[in-house]
Amino acid sequence: MSDSTHRDPIARGGRVLVTGGAGFIGSHLCRRLLAEGCEVICFDNLLTGSMANIEPLLGEARFSFEHYDVTNYLYVDGPLDAILHFASPASPADFERLPIQILKVGSLGTHKTLGLAKAKQARFLLASTSECYGDPEVNPQPETYLGRVNPVGIRGVYDEAKRFAEAMTMAYHRHHGVDVRIVRIFNTFGPRMQIADGRAIPNFFTQALRGEDVTVYGDGSQTRSIQYVDDLIEGIWRLLNSNYVGPMNIGSQAEITMRELAETIIRITGSQSRIVEKPLPPDDPKVRRADNTLAREVLGWEPQVSPEDGLRRTAEYFAEALKAASAREESASG
Ligand code: UDP
(Lines give C-alpha, C1' and ligand atoms only; values in the text may rest on other atoms or scores of the structure.)
Protein backbone atom coordinates (compact mmCIF):
# COMPACT_ATOMS: atom_id res chain seq x y z
CA MET A 1 0.00 0.00 0.00
CA SER A 2 1.19 3.50 -0.68
CA ASP A 3 0.86 6.64 1.44
CA SER A 4 0.80 10.25 0.27
CA THR A 5 4.56 10.74 0.72
CA HIS A 6 5.43 7.61 -1.26
CA ARG A 7 7.36 8.41 -4.43
CA ASP A 8 6.42 5.25 -6.24
CA PRO A 9 5.18 6.18 -9.74
CA ILE A 10 1.86 4.48 -9.33
CA ALA A 11 1.14 5.57 -5.81
CA ARG A 12 -2.03 7.42 -4.86
CA GLY A 13 -2.22 10.57 -6.96
CA GLY A 14 -0.04 9.11 -9.73
CA ARG A 15 -0.99 10.00 -13.30
CA VAL A 16 -1.37 6.95 -15.48
CA LEU A 17 -2.09 6.52 -19.19
CA VAL A 18 -3.86 3.30 -20.16
CA THR A 19 -3.90 2.57 -23.89
CA GLY A 20 -6.76 0.28 -24.85
CA GLY A 21 -8.48 1.40 -21.66
CA ALA A 22 -11.96 0.82 -23.11
CA GLY A 23 -11.22 -2.84 -23.83
CA PHE A 24 -12.06 -5.85 -21.70
CA ILE A 25 -8.87 -5.92 -19.62
CA GLY A 26 -8.12 -2.20 -20.02
CA SER A 27 -11.46 -1.20 -18.51
CA HIS A 28 -10.89 -3.42 -15.47
CA LEU A 29 -7.45 -1.89 -15.11
CA CYS A 30 -8.81 1.68 -15.27
CA ARG A 31 -11.22 0.86 -12.43
CA ARG A 32 -8.46 -0.65 -10.29
CA LEU A 33 -6.15 2.35 -10.84
CA LEU A 34 -8.96 4.74 -9.90
CA ALA A 35 -9.67 2.67 -6.79
CA GLU A 36 -5.98 2.95 -5.89
CA GLY A 37 -6.23 6.75 -6.06
CA CYS A 38 -4.55 7.32 -9.42
CA GLU A 39 -5.57 9.79 -12.09
CA VAL A 40 -6.34 7.77 -15.21
CA ILE A 41 -6.12 8.90 -18.82
CA CYS A 42 -7.67 6.34 -21.14
CA PHE A 43 -6.84 6.24 -24.85
CA ASP A 44 -8.77 3.92 -27.14
CA ASN A 45 -9.68 3.96 -30.83
CA LEU A 46 -12.73 1.75 -30.07
CA LEU A 47 -11.81 -0.74 -32.77
CA THR A 48 -12.54 -3.61 -30.38
CA GLY A 49 -13.04 -1.64 -27.16
CA SER A 50 -16.37 -0.09 -26.30
CA MET A 51 -17.66 3.08 -24.62
CA ALA A 52 -20.08 0.92 -22.64
CA ASN A 53 -17.06 -0.53 -20.77
CA ILE A 54 -16.06 2.89 -19.42
CA GLU A 55 -19.40 4.73 -19.40
CA PRO A 56 -19.70 4.67 -15.58
CA LEU A 57 -16.19 6.16 -15.24
CA LEU A 58 -16.80 9.21 -17.43
CA GLY A 59 -18.27 11.25 -14.57
CA GLU A 60 -15.23 10.72 -12.34
CA ALA A 61 -12.96 13.75 -11.92
CA ARG A 62 -9.83 11.59 -11.98
CA PHE A 63 -10.78 9.85 -15.25
CA SER A 64 -10.55 11.14 -18.79
CA PHE A 65 -11.04 9.48 -22.14
CA GLU A 66 -9.61 10.33 -25.52
CA HIS A 67 -10.68 8.63 -28.74
CA TYR A 68 -7.24 8.05 -30.11
CA ASP A 69 -5.28 5.61 -32.25
CA VAL A 70 -1.93 5.07 -30.53
CA THR A 71 -0.16 4.11 -33.74
CA ASN A 72 -0.05 7.88 -34.40
CA TYR A 73 2.11 10.48 -32.65
CA LEU A 74 1.06 10.69 -29.02
CA TYR A 75 0.59 13.87 -27.09
CA VAL A 76 -0.28 14.04 -23.41
CA ASP A 77 -0.27 17.34 -21.55
CA GLY A 78 1.55 17.38 -18.20
CA PRO A 79 3.49 14.69 -16.35
CA LEU A 80 2.88 10.96 -16.49
CA ASP A 81 4.03 8.48 -13.87
CA ALA A 82 3.16 5.30 -15.72
CA ILE A 83 1.98 4.10 -19.13
CA LEU A 84 0.18 0.79 -19.43
CA HIS A 85 0.08 -0.31 -23.05
CA PHE A 86 -2.98 -2.53 -23.44
CA ALA A 87 -4.22 -1.46 -26.87
CA SER A 88 -4.58 -4.37 -29.30
CA PRO A 89 -7.26 -6.61 -30.72
CA ALA A 90 -6.63 -9.97 -29.04
CA SER A 91 -9.17 -12.51 -30.19
CA PRO A 92 -8.10 -15.14 -32.76
CA ALA A 93 -11.15 -14.07 -34.79
CA ASP A 94 -9.52 -10.61 -35.01
CA PHE A 95 -6.28 -12.12 -36.32
CA GLU A 96 -8.04 -12.68 -39.67
CA ARG A 97 -10.29 -9.61 -39.52
CA LEU A 98 -7.74 -7.00 -38.38
CA PRO A 99 -4.26 -8.34 -39.19
CA ILE A 100 -2.68 -5.02 -40.21
CA GLN A 101 -4.13 -3.11 -37.25
CA ILE A 102 -2.77 -5.78 -34.89
CA LEU A 103 0.71 -5.56 -36.41
CA LYS A 104 0.59 -1.76 -36.33
CA VAL A 105 -0.50 -1.39 -32.72
CA GLY A 106 2.05 -3.97 -31.55
CA SER A 107 4.89 -2.30 -33.45
CA LEU A 108 4.15 1.38 -34.16
CA GLY A 109 1.87 1.70 -31.12
CA THR A 110 4.49 0.20 -28.82
CA HIS A 111 7.15 2.47 -30.32
CA LYS A 112 5.02 5.57 -29.77
CA THR A 113 4.04 4.65 -26.21
CA LEU A 114 7.65 3.85 -25.33
CA GLY A 115 8.73 7.18 -26.80
CA LEU A 116 6.17 8.90 -24.61
CA ALA A 117 7.38 6.93 -21.54
CA LYS A 118 10.94 8.04 -22.27
CA ALA A 119 9.93 11.69 -22.70
CA LYS A 120 7.85 11.69 -19.50
CA GLN A 121 10.25 9.44 -17.53
CA ALA A 122 7.26 7.24 -16.83
CA ARG A 123 7.27 3.58 -15.91
CA PHE A 124 6.08 1.47 -18.86
CA LEU A 125 4.12 -1.76 -18.63
CA LEU A 126 3.53 -3.82 -21.77
CA ALA A 127 0.57 -6.15 -22.06
CA SER A 128 2.14 -9.17 -23.70
CA THR A 129 0.72 -12.64 -24.07
CA SER A 130 1.13 -16.37 -23.71
CA GLU A 131 0.84 -16.33 -27.52
CA CYS A 132 4.55 -15.52 -27.47
CA TYR A 133 5.01 -19.25 -26.79
CA GLY A 134 3.08 -20.19 -29.94
CA ASP A 135 2.14 -23.88 -30.20
CA PRO A 136 4.46 -24.96 -27.39
CA GLU A 137 6.56 -28.09 -27.05
CA VAL A 138 6.79 -27.72 -23.28
CA ASN A 139 3.86 -27.61 -20.89
CA PRO A 140 3.51 -25.64 -18.66
CA GLN A 141 5.38 -22.70 -20.20
CA PRO A 142 7.92 -20.86 -18.03
CA GLU A 143 9.12 -17.37 -19.06
CA THR A 144 12.42 -18.91 -20.17
CA TYR A 145 10.72 -20.98 -22.88
CA LEU A 146 11.42 -19.23 -26.18
CA GLY A 147 8.33 -20.42 -27.98
CA ARG A 148 7.34 -22.04 -31.25
CA VAL A 149 5.64 -19.47 -33.44
CA ASN A 150 4.84 -19.68 -37.14
CA PRO A 151 5.64 -16.15 -38.32
CA VAL A 152 3.68 -16.49 -41.56
CA GLY A 153 0.62 -18.29 -40.15
CA ILE A 154 -2.69 -16.54 -39.39
CA ARG A 155 -1.80 -16.21 -35.70
CA GLY A 156 1.62 -14.83 -36.60
CA VAL A 157 0.25 -11.29 -36.87
CA TYR A 158 -0.53 -11.21 -33.15
CA ASP A 159 2.26 -13.45 -31.89
CA GLU A 160 4.98 -11.63 -33.78
CA ALA A 161 3.54 -8.19 -33.00
CA LYS A 162 3.75 -9.00 -29.31
CA ARG A 163 7.20 -10.57 -29.62
CA PHE A 164 8.35 -7.44 -31.44
CA ALA A 165 6.71 -5.31 -28.73
CA GLU A 166 8.65 -7.20 -26.06
CA ALA A 167 11.90 -6.73 -28.01
CA MET A 168 11.21 -3.00 -28.43
CA THR A 169 10.35 -2.66 -24.74
CA MET A 170 13.64 -4.27 -23.70
CA ALA A 171 15.57 -2.15 -26.23
CA TYR A 172 14.12 1.03 -24.70
CA HIS A 173 15.05 -0.30 -21.29
CA ARG A 174 18.61 -1.21 -22.22
CA HIS A 175 19.32 1.65 -24.58
CA HIS A 176 17.33 4.53 -23.05
CA GLY A 177 17.00 3.36 -19.45
CA VAL A 178 13.18 3.34 -19.54
CA ASP A 179 11.79 1.57 -16.49
CA VAL A 180 9.77 -1.32 -17.97
CA ARG A 181 7.56 -4.23 -16.97
CA ILE A 182 6.20 -6.96 -19.26
CA VAL A 183 3.21 -9.09 -18.37
CA ARG A 184 2.52 -12.25 -20.40
CA ILE A 185 -1.20 -12.68 -20.02
CA PHE A 186 -2.73 -16.16 -20.26
CA ASN A 187 -6.37 -16.83 -21.15
CA THR A 188 -8.51 -14.52 -19.04
CA PHE A 189 -12.28 -14.23 -18.77
CA GLY A 190 -14.90 -12.24 -16.92
CA PRO A 191 -17.46 -9.47 -17.21
CA ARG A 192 -17.08 -7.00 -20.09
CA MET A 193 -15.74 -9.54 -22.56
CA GLN A 194 -17.39 -8.81 -25.89
CA ILE A 195 -20.27 -11.17 -26.65
CA ALA A 196 -19.18 -11.76 -30.22
CA ASP A 197 -15.40 -11.60 -30.03
CA GLY A 198 -15.06 -15.16 -31.32
CA ARG A 199 -13.11 -16.55 -28.37
CA ALA A 200 -14.06 -19.83 -26.77
CA ILE A 201 -15.58 -18.49 -23.54
CA PRO A 202 -17.79 -15.77 -25.11
CA ASN A 203 -18.82 -18.16 -27.89
CA PHE A 204 -19.72 -20.97 -25.48
CA PHE A 205 -21.71 -18.68 -23.17
CA THR A 206 -23.55 -17.01 -26.04
CA GLN A 207 -24.38 -20.33 -27.69
CA ALA A 208 -25.36 -22.05 -24.43
CA LEU A 209 -27.57 -19.18 -23.26
CA ARG A 210 -29.29 -18.95 -26.65
CA GLY A 211 -29.78 -22.71 -26.83
CA GLU A 212 -27.64 -22.93 -29.97
CA ASP A 213 -25.07 -25.61 -30.76
CA VAL A 214 -21.83 -25.09 -28.84
CA THR A 215 -18.96 -25.11 -31.32
CA VAL A 216 -15.85 -26.98 -30.22
CA TYR A 217 -13.02 -26.66 -32.73
CA GLY A 218 -11.27 -29.92 -33.62
CA ASP A 219 -11.98 -32.73 -31.17
CA GLY A 220 -11.82 -30.29 -28.26
CA SER A 221 -8.82 -32.00 -26.67
CA GLN A 222 -6.69 -28.84 -26.89
CA THR A 223 -6.12 -27.20 -23.52
CA ARG A 224 -5.90 -23.72 -22.04
CA SER A 225 -5.44 -22.57 -18.47
CA ILE A 226 -8.09 -20.01 -17.60
CA GLN A 227 -8.07 -17.23 -15.02
CA TYR A 228 -10.71 -14.82 -13.76
CA VAL A 229 -10.05 -11.19 -14.66
CA ASP A 230 -9.81 -9.95 -11.04
CA ASP A 231 -6.86 -12.27 -10.48
CA LEU A 232 -5.13 -10.95 -13.58
CA ILE A 233 -5.64 -7.33 -12.50
CA GLU A 234 -4.18 -8.07 -9.07
CA GLY A 235 -1.13 -9.63 -10.74
CA ILE A 236 -0.67 -6.64 -13.05
CA TRP A 237 -1.00 -4.20 -10.15
CA ARG A 238 1.63 -6.10 -8.17
CA LEU A 239 3.96 -6.35 -11.17
CA LEU A 240 3.63 -2.63 -11.84
CA ASN A 241 4.64 -1.91 -8.26
CA SER A 242 7.48 -4.43 -8.22
CA ASN A 243 11.05 -3.94 -9.36
CA TYR A 244 10.94 -6.90 -11.73
CA VAL A 245 12.09 -6.12 -15.26
CA GLY A 246 11.49 -8.78 -17.89
CA PRO A 247 8.54 -10.92 -18.92
CA MET A 248 6.33 -12.36 -16.22
CA ASN A 249 3.54 -14.88 -16.76
CA ILE A 250 0.25 -14.05 -15.12
CA GLY A 251 -2.01 -17.02 -15.62
CA SER A 252 -3.57 -19.90 -13.80
CA GLN A 253 -2.48 -23.53 -13.61
CA ALA A 254 -6.10 -24.60 -14.07
CA GLU A 255 -5.66 -26.41 -17.39
CA ILE A 256 -8.85 -27.58 -19.04
CA THR A 257 -9.69 -29.10 -22.42
CA MET A 258 -12.02 -27.08 -24.63
CA ARG A 259 -14.55 -29.90 -24.54
CA GLU A 260 -14.54 -29.83 -20.72
CA LEU A 261 -14.89 -26.06 -20.85
CA ALA A 262 -17.90 -26.35 -23.18
CA GLU A 263 -19.48 -28.99 -20.90
CA THR A 264 -18.89 -26.83 -17.82
CA ILE A 265 -20.50 -23.78 -19.42
CA ILE A 266 -23.50 -25.82 -20.60
CA ARG A 267 -23.93 -27.17 -17.04
CA ILE A 268 -23.51 -23.77 -15.34
CA THR A 269 -26.04 -22.09 -17.63
CA GLY A 270 -28.48 -25.03 -17.35
CA SER A 271 -28.55 -25.13 -21.15
CA GLN A 272 -29.92 -27.88 -23.39
CA SER A 273 -27.37 -27.06 -26.11
CA ARG A 274 -25.36 -29.86 -27.64
CA ILE A 275 -21.68 -29.78 -28.55
CA VAL A 276 -20.75 -29.87 -32.24
CA GLU A 277 -17.26 -30.09 -33.73
CA LYS A 278 -15.99 -27.49 -36.20
CA PRO A 279 -12.65 -27.43 -38.05
CA LEU A 280 -9.63 -26.60 -35.92
CA PRO A 281 -8.03 -23.33 -37.10
CA PRO A 282 -4.41 -23.60 -38.33
CA ASP A 283 -1.62 -23.25 -35.73
CA ASP A 284 -4.11 -23.49 -32.86
CA PRO A 285 -1.95 -24.32 -29.79
CA LYS A 286 -2.59 -27.90 -28.62
CA VAL A 287 -1.70 -27.17 -25.02
CA ARG A 288 -1.25 -24.05 -22.92
CA ARG A 289 -0.73 -23.78 -19.21
CA ALA A 290 0.93 -21.02 -17.23
CA ASP A 291 3.99 -21.80 -15.20
CA ASN A 292 3.39 -19.12 -12.59
CA THR A 293 6.30 -19.94 -10.28
CA LEU A 294 7.96 -16.58 -10.97
CA ALA A 295 4.82 -14.58 -10.11
CA ARG A 296 4.39 -16.60 -6.91
CA GLU A 297 8.01 -16.05 -5.89
CA VAL A 298 8.44 -12.41 -6.90
CA LEU A 299 4.94 -11.01 -6.37
CA GLY A 300 3.48 -13.46 -3.86
CA TRP A 301 0.66 -13.74 -6.39
CA GLU A 302 -1.59 -16.66 -7.14
CA PRO A 303 -5.12 -16.94 -8.46
CA GLN A 304 -7.82 -16.66 -5.79
CA VAL A 305 -10.93 -17.36 -7.88
CA SER A 306 -11.55 -20.93 -9.03
CA PRO A 307 -12.54 -21.38 -12.69
CA GLU A 308 -15.97 -22.67 -11.57
CA ASP A 309 -16.66 -19.58 -9.41
CA GLY A 310 -15.33 -17.24 -12.08
CA LEU A 311 -17.44 -18.89 -14.77
CA ARG A 312 -20.56 -18.57 -12.57
CA ARG A 313 -19.94 -14.83 -12.11
CA THR A 314 -19.30 -14.51 -15.84
CA ALA A 315 -22.52 -16.39 -16.68
CA GLU A 316 -24.52 -13.61 -14.97
CA TYR A 317 -22.74 -10.99 -17.04
CA PHE A 318 -23.36 -12.80 -20.33
CA ALA A 319 -27.03 -13.39 -19.50
CA GLU A 320 -27.50 -9.63 -18.91
CA ALA A 321 -25.40 -8.63 -21.92
CA LEU A 322 -27.36 -10.93 -24.23
CA LYS A 323 -30.67 -9.59 -22.92
CA ALA A 324 -29.49 -6.03 -23.55
CA ALA A 325 -28.28 -6.97 -27.05
CA SER A 326 -31.60 -8.53 -28.04
CA ALA A 327 -33.50 -5.53 -26.63
CA ARG A 328 -31.34 -3.27 -28.82
CA GLU A 329 -31.95 -5.48 -31.86
CA GLU A 330 -35.72 -5.40 -31.24
CA SER A 331 -35.87 -1.64 -30.87
CA ALA A 332 -33.74 -1.19 -33.99
CA SER A 333 -36.03 -3.44 -36.07
CA GLY A 334 -39.24 -2.09 -34.54
N1 UDP B 1 -12.41 -22.63 -29.64
C2 UDP B 1 -13.45 -23.52 -29.76
N3 UDP B 1 -14.70 -23.04 -30.11
C4 UDP B 1 -14.95 -21.74 -30.31
C5 UDP B 1 -13.89 -20.81 -30.15
C6 UDP B 1 -12.65 -21.29 -29.83
O7 UDP B 1 -13.26 -24.73 -29.57
O8 UDP B 1 -16.12 -21.39 -30.59
C9 UDP B 1 -11.11 -23.14 -29.28
C10 UDP B 1 -9.94 -22.61 -30.10
O11 UDP B 1 -9.77 -23.37 -31.27
C12 UDP B 1 -8.79 -22.75 -29.11
C13 UDP B 1 -9.44 -22.57 -27.75
O14 UDP B 1 -10.84 -22.75 -27.95
O15 UDP B 1 -8.27 -24.06 -29.18
C16 UDP B 1 -9.23 -21.20 -27.15
O17 UDP B 1 -9.55 -20.27 -28.11
P18 UDP B 1 -9.70 -18.73 -27.83
O19 UDP B 1 -10.22 -18.12 -29.09
O20 UDP B 1 -10.51 -18.50 -26.61
O21 UDP B 1 -8.26 -18.17 -27.52
P22 UDP B 1 -6.75 -18.66 -27.75
O23 UDP B 1 -6.36 -19.27 -26.48
O24 UDP B 1 -6.70 -19.66 -28.87
O25 UDP B 1 -6.04 -17.43 -28.07
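Residues numbered from 1 in each chain as written. Predicted model: local features only at pLDDT ≥ 70, side-chain atom pairs only at ≥ 80, totals over all residues. Heavy atoms only, no water.

Each helix and strand in the protein chain was counted, giving 10 helices and 13 strands. Expected size for 334 residues packed as a compact globule is a radius of gyration near 20 Å; at 19 Å, the protein chain falls within 12% of this value. For the protein chain, the spread of C-alpha atoms along the principal axes amounts to about 55 × 50 × 35 Å. Looking at the protein chain residue by residue over its 334 residues, the buried ones come to 54%. Counted over contacts in the protein chain with a minimum sequence separation of 6, partners at least 24 positions apart contribute 80%. Accessible area of the protein chain: about 14,700 Å², with a carbon and sulfur share of 50%. Between the mean site of the 36 positive side-chain charges and the mean site of the 43 negative ones, the protein chain shows a separation of 3 Å. (Helix = DSSP H or I, 4+ residues; strand = E, 2+ residues; numbered from the N terminus. Rg over C-alpha atoms; globule rule 2.2 N^0.38 Å. Buried < 20%, exposed > 50% of the residue type's maximum accessible area, 1.4 Å probe, protein only. Contact = heavy atoms within 4.5 Å. Areas by Shrake-Rupley, 256 points an atom, 1.4 Å probe, with all protein chains shown as cover. Lys, Arg positive; Asp, Glu negative; His and termini not counted. Charge placed at Lys NZ, Arg CZ, Asp CG, Glu CD.)

In the structure shown here, the tally under the stated rule is seven aromatic pairs. Ring centres 5.0 Å apart and planes at 65° place the aromatic pair Y317 and F318 in the edge-to-face group. Taken together, the aromatic side chains of Y133, Y145 and F186 make up a single cluster linked through ring pairs. (Phe/Tyr/Trp six-rings, centres within 6.5 Å; stacked < 30°, edge-to-face > 60°.)

Another point: the packing of helix α4 (residues 99-120) against helix α5 (residues 156-176). Where α4 contacts α5, the two axes come as close as 8 Å, and the packing angle between them is 15°. Classified by the angle their axes make, α4 and α5 are roughly parallel. Handedness of the α4/α5 crossing: right-handed. Contacts from P99, I102, L103, G106, S107, T110, H111, L114, G115 and K118 in α4 reach V157, Y158, A161, F164, A165, M168, T169, Y172 and H176 in α5. (Axes fitted to C-alpha atoms, helices over the stretch in contact; angles between N-to-C directions. Parallel < 35°, antiparallel > 145°, perpendicular 65-115°, else oblique. Left-handed = near helix turned anticlockwise from the far one by under 90°.)

On to the environment of E212, then. Of note, E212 is situated in the loop between α6 (200-210) and β8 (214-217). For the pair E212 and E137, spaced 75 residues apart in sequence, the C-alpha separation works out to 35 Å. When residues no more than four places from it in sequence are discounted, the contact partners of E212 are Q207 and S273.

This part is about the site of the ligand. By nearness alone, 18 residues border the ligand, and N203, T215, Y217, R224 and D284 come closest of all. A distance of 2.8 Å separates an oxygen atom of the ligand from a polar atom in the side chain of R155. Between the ligand and the protein, one listed contact pairs a nitrogen atom with a backbone N or O atom of T215 at 2.6 Å. Considered on its own, the ligand offers 510 Å² of accessible surface; in the complex 95% of this is hidden by protein. (Near = heavy atom within 4 Å. Polar contact = N/O pair within 3.5 Å; in protein donor to acceptor, adjacent residues only side chain to side chain.)

This part is about the sheet that holds strand β3 (residues 63-67). Here we have seven strands laid out as an open sheet, ordered β3-β2-β1-β4-β5-β6-β11, and parallel in their pairing. Across the chains shown, the open sheet's two edge strands, defined by having one partner strand only, are β3 and β11 (247-250). Between one strand and the next, the sheet's axes are offset by a mean angle of 20°, whatever the strand orientation. Pairing geometry for strand β1 (residues 15-19) and strand β4 (residues 82-85), over four bridges, is parallel. (Pairing = 2+ DSSP bridges.)

Once that is clear, we can look at the nonpolar core. A general tendency of soluble globular proteins is for nonpolar side chains to be buried together. Counting 57 residues, the largest nonpolar core has L33, L84, F86, L261 and L311 as the members making the most contacts within it. A total of seven residues in this core trace back to one element, the largest contributor, which is helix α7 (residues 229-240). Sequence-distant contacts of L261, defined by excluding residues within four places in its chain, comprise A200, I201, F204, I226, I256 and L311. Within the second largest apolar cluster, 23 residues are counted, among which are L114, L116, L126 and Y172. (Core = buried A, V, L, I, M, F, W, Y, C linked by side-chain atoms within 4.5 Å.)

Here the focus is the pairing of strand β2 (residues 39-44). The element β2 is largely enclosed, with a buried count of five among its six residues. In this structure, β1 lies alongside β2, joined through five bridges in parallel fashion. Paired with V18 across the strands is C42, a residue of β2.

With 12 residues, α7 should reach 16 Å at 1.5 Å per residue; the first-to-last C-alpha distance of 16 Å fits that figure. The buried count for α7 comes to nine of 12 residues, which makes it a mostly enclosed element. (Expected span 1.5 Å × (residues − 1).)

Here, the word disulfide means a covalent bond between the sulfur atoms of two cysteines. Under the definition given, this model contains zero disulfides. Looking at the unpaired C30, the closest cysteine sulfur is the one in C42, lying at 4.5 Å. When its relative accessible area of 0% is taken as the criterion, C30 is described as buried. (Disulfide = S-S within 2.5 Å.)

Its 12 residues place the ends of helix α1 (residues 24-35) 17 Å apart at the C-alpha level, agreeing with the 16 Å of an ideal helix rising 1.5 Å per residue. Within α1, 10 of the 12 residues are buried, leaving the element largely enclosed by the surrounding structure. Residues F24, I25, G26, S27, H28, L29, C30, R32, L33 and L34 constitute the buried set of α1.

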